[in-house]
Amino acid sequence: MFDLAPTAVANILGDRLPPRVARAYRRFRYGPGAFKVDFAVADGVPWTAEPARRAGTVHVGGTFAEVAATERDIHAGRMPQRPFVLVGQQYLADPQRSVGNVHPVWTYAHVPNGYTGDATQAIIAQIERFAPGFRERIVGITERTTPGFAEYNPNYVGGNILTGAKNIPQLVFGPRTTLTPYDVGLPGHFLCSAATPPGPGAHGMCGANAADRALRYLRSARRF
Ligand SMILES: Cc1cc2nc3c(=O)[nH]c(=O)nc-3n(C[C@H](O)[C@H](O)[C@H](O)COP(=O)(O)OP(=O)(O)OC[C@H]3O[C@@H](n4cnc5c(N)ncnc54)[C@H](O)[C@@H]3O)c2cc1C
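Note that residues are indexed from 1 along each chain, following the sequence as it is written. Predicted model: local features are reported for residues with pLDDT of at least 70 only, side-chain atom pairs are reported and counted for 80 or more only, and whole-chain, interface and lining totals are derived from all residues.

### Observations concerning the overall build of the chain
Secondary structure assignment for the chain yields 8 helices and 5 strands. Reading the secondary structure of the chain in the N-to-C direction produces α-α-β-β-α-β-β-α-α-β-α-α-α. For the chain, the C-alpha atoms occupy an extent of roughly 65 × 40 × 30 Å along the three principal directions. The burial criterion counts other C-beta atoms lying within 10 Å of a residue's C-beta, which is placed from the backbone; the residue is buried at 20 or more, exposed at 12 or fewer, and partly exposed between these limits. Every one of the 224 residues in the chain was classed for burial, and the buried ones make up 33%. Within the chain, contacts between residues separated by at least 24 positions form 69% of all contacts whose residues are at least 6 apart in sequence. Here a helix means four or more residues in a row that DSSP labels H or I, a strand means two or more in a row labelled E, and each is numbered from the N terminus. Note on contacts: each residue gets a C-beta atom placed from the backbone, and two residues are in contact if those atoms are within 7 Å.

Here is the structure:
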């Protein structure tokens, strides 16, 4: 069971992989990266919108037009001035994460794949737009860059935490156009990562479907 990016499977299996599968795996496309900044914030984020102060997750993007322009930029490989930022305020559900009035606030911005710059100030400025005074409340910062993500988990090629561009063909079929995307083309070998359908948003289903294929294989081979 390969819980891996298709390119890694192609590298590991090398010549053992049927050439058509190897070609598809090597052509697999990766999507935008993530740049993560975690903050320690005194008294939490001073969101202007009152409901956002009680929300576990806040998506900071501005208007629909701004979000669309930002996403267009990152898909074209340009770092936007005002990136889409996802903010996690998990301490609201789990107060033990805080120390006194200092709360952990997770954020990450969508950035171009392989982005090598520092998105920290752009993230702070984007939050500050909707929570004036945020900057003054920051008492600690840790960052994970796009190369840092790829180092932490090689599945995150170029910082792409969703393991692949989620365009329609890759979302529907995974790395190659087939009705059995979990089969890598070698008996008893299966791909079970978020690169396979239904993708990362439906947690666990890639693995469940791959496990189903593996069990069928074992039963048909009377190994189980
Ligand atoms: C900060 C963050 C926020 C996220 N938020 C969301 C969200 O809100 N919604 C959502 O749907 N998804 C989200 N994701 C993505 C989600 O976590 C992933 O899509 C999911 O974990 C992928 O699962 P997986 O089984 O494909 O592989 P992974 O969870 O990536 O597991 C693969 C494992 O294999 C290891 N590995 C890699 N290469 C090798 C190798 N060559 N040899 C041995 N081991 C190797 C890795 O270190 C890792 O432990 C987020 C990810 C991050 C980082």
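### Some thoughts on the nonpolar core
The term nonpolar core refers to a group of buried residues, namely Ala, Val, Leu, Ile, Met, Phe, Trp, Tyr and Cys, whose C-beta atoms join them within 7 Å. Core analysis: the largest hydrophobic core is formed by 46 residues, its most contacted members being A109 and I127. Here this core takes 5 residues from strand β1 (residues 33-42), the largest share from any one element. Mapped onto the domain boundaries, this core takes at least three residues apiece from domain 1 (6-30 + 165-220) and domain 2 (33-151). Where each domain starts and ends comes from a domain assignment, either automatic or drawn from a database.

### Overview of the sheet that holds strand β4 (residues 102-111)
Read from one edge of the open sheet, 5 strands run β2-β3-β4-β1-β5, paired in antiparallel fashion. Taken across any chain shown, the strands that pair with only one partner, and hence form the sheet edges, are β2 (57-60) and β5 (138-144). Within this sheet the neighbouring strands show an average axis-to-axis angle of 20°, counted without direction. To get an axis, fit a line to the C-alpha atoms, keeping to the stretch in contact for a helix; angles then go from 0 to 180 degrees between the N-to-C directions. Lying over the sheet, helix α4 (residues 120-130) contacts β1, β2, β3 (85-88), β4 and β5, oriented at roughly 75° with respect to β3. Pairing between strands is defined by DSSP: at least two bridges between them are needed.

### Some details on unusual backbone geometry
Here the bond from P197 into P198 is cis, since omega is 5°, no more than 30 degrees from zero. Among the secondary structure elements, P198 is positioned in the loop between α7 (168-173) and α8 (205-220). Within the chain, D43 stands out as a residue other than glycine whose phi angle is a positive 65°. You can see D43 is positioned in the loop between β1 and β2. Owing to 11 C-beta atoms within 10 Å, D43 belongs among the exposed residues under this scheme. The phi angle at T163 is positive, at roughly 50°, despite the residue not being glycine. Here T163 is to be found in the loop between α6 (146-152) and α7. Its 26 C-beta neighbours within 10 Å are what place T163 among the buried residues.

### Here we look at helix α1 (residues 6-13)
Three or more residues of α1 are buried, namely P6, V9 and A10. The arc that holds the buried residues of α1, viewed along the axis, is 100°, so those residues lie on one side. The elements touched by buried residues of α1 are α2 (19-27). Looking one or two places after α1, you find G14, whose phi comes out positive at around 50°. This arc describes the spread of directions from the helix axis toward the C-beta atoms.

### A short note on the domain arrangement of the chain
Once the domains are mapped, the chain shows domain 1 (6-30 + 165-220) and domain 2 (33-151). Taking only C-alpha atoms, the centre of domain 1 and the centre of domain 2 are 32 Å apart.

### A closer look at the environment of V37
Relative to the helices and strands, V37 is located in strand β1. On the neighbour-count criterion, V37 (24 C-beta atoms within 10 Å) is buried. Measuring from C-alpha to C-alpha, the distance between V37 and S98 comes to 17 Å, with 61 residues separating the pair along the chain. Once residues lying within four places of it in the same chain are set aside, the contact partners of V37 are T107, T120, I123, I141 and E143.

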